[in-house]
Amino acid sequence: MKTPSHLLLIEDNPGDARLVEEALKEFSRPVNLHHVKDGITALQFLQKDGQYRNAPRPKLILLDLNMPRKDGREMLRDIRSDPASASIPVIVLTTSGAERDVDLCYAAGANCYLRKPVDVVEFIDLMKMIETFWLDTALTPSH
């Protein structure tokens, strides 16, 4: 049995978070999902602050762009400027297909930018592609 991977989902929409949870049930490997609803809480998780002092280092971060308190664009810059999280792969998973958002996110250090499919089956297929590439194929830093 494969060791579970830790995935951090930074997503304020409960419906989209539920879709990710459902998609993970289709994965061939075990994944421990850690879900936070905004960038401030995500920083606490990544910095092991307060209630997250025992939080594991995620193998992968799924980041929504449009969130309250601290949006995904700001969050991406914060992740990349912190040595503790700078090397964690970040996939921007959002509804925005705006060229400006794509350009800004890659410039800020996103590893991948994906639009959320509206169709549930397509969303699950996209998540399976993420599993195949990011959790099974790509080698990622462990520290």
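The structure we're discussing is the one just above.
Keep in mind that this is a model prediction, so the values were computed, not measured. (Residues numbered from 1 in each chain as written. Predicted model: local features only at pLDDT ≥ 70, side-chain atom pairs only at ≥ 80, totals over all residues. Heavy atoms only, no water.)

### A closer look at the pattern of salt bridges
Taken as a whole and assessed by the stated rule, the structure comprises 8 salt bridges. Put simply, Asp64 and Lys116 hold a salt bridge, and the shortest N to O gap is 3.4 Å. One end of the pair, Asp64, is in the loop between strand E3 (60-63) and helix H3 (72-81); the other, Lys116, is in the loop between strand E5 (112-115) and helix H5 (120-137), with 52 residues separating them in the sequence. Residue classification places Asp64 among the buried residues on the basis of a relative accessible area of 5%. (Salt bridge = Lys/Arg side-chain N within 4 Å of Asp/Glu carboxyl O. Helix = DSSP H or I, 4+ residues; strand = E, 2+ residues; numbered from the N terminus. Buried < 20%, exposed > 50% of the residue type's maximum accessible area, 1.4 Å probe, protein only.)

### Some words on the pairing of E5
Walk down a regular strand and you will see the side chains alternate between the two sheet faces. Where strand E4 (residues 90-94) and E5 come together, 4 bridges link them in parallel fashion. Counterpart to Val92 in the pairing with E5 is Tyr113. Each parallel crossover has a hand, and for E4 linked through helix H4 (residues 99-107) to E5 it is right-handed. (Pairing = 2+ DSSP bridges. Right-handed = clockwise from strand over helix to strand, strands pointing away.)

### Some words on the packing of aromatic side chains
By the definition in use, this model includes 2 aromatic pairs. Ring centres of Phe133 and Trp134 lie 5.0 Å apart, and the angle between their planes is 85°; on these two criteria the pair is classed as edge-to-face. Using a relative accessible area of 44% as the deciding quantity, one classes Phe133 as partly exposed. Since its relative accessible area comes to 13%, Trp134 is described here as buried. (Phe/Tyr/Trp six-rings, centres within 6.5 Å; stacked < 30°, edge-to-face > 60°.)

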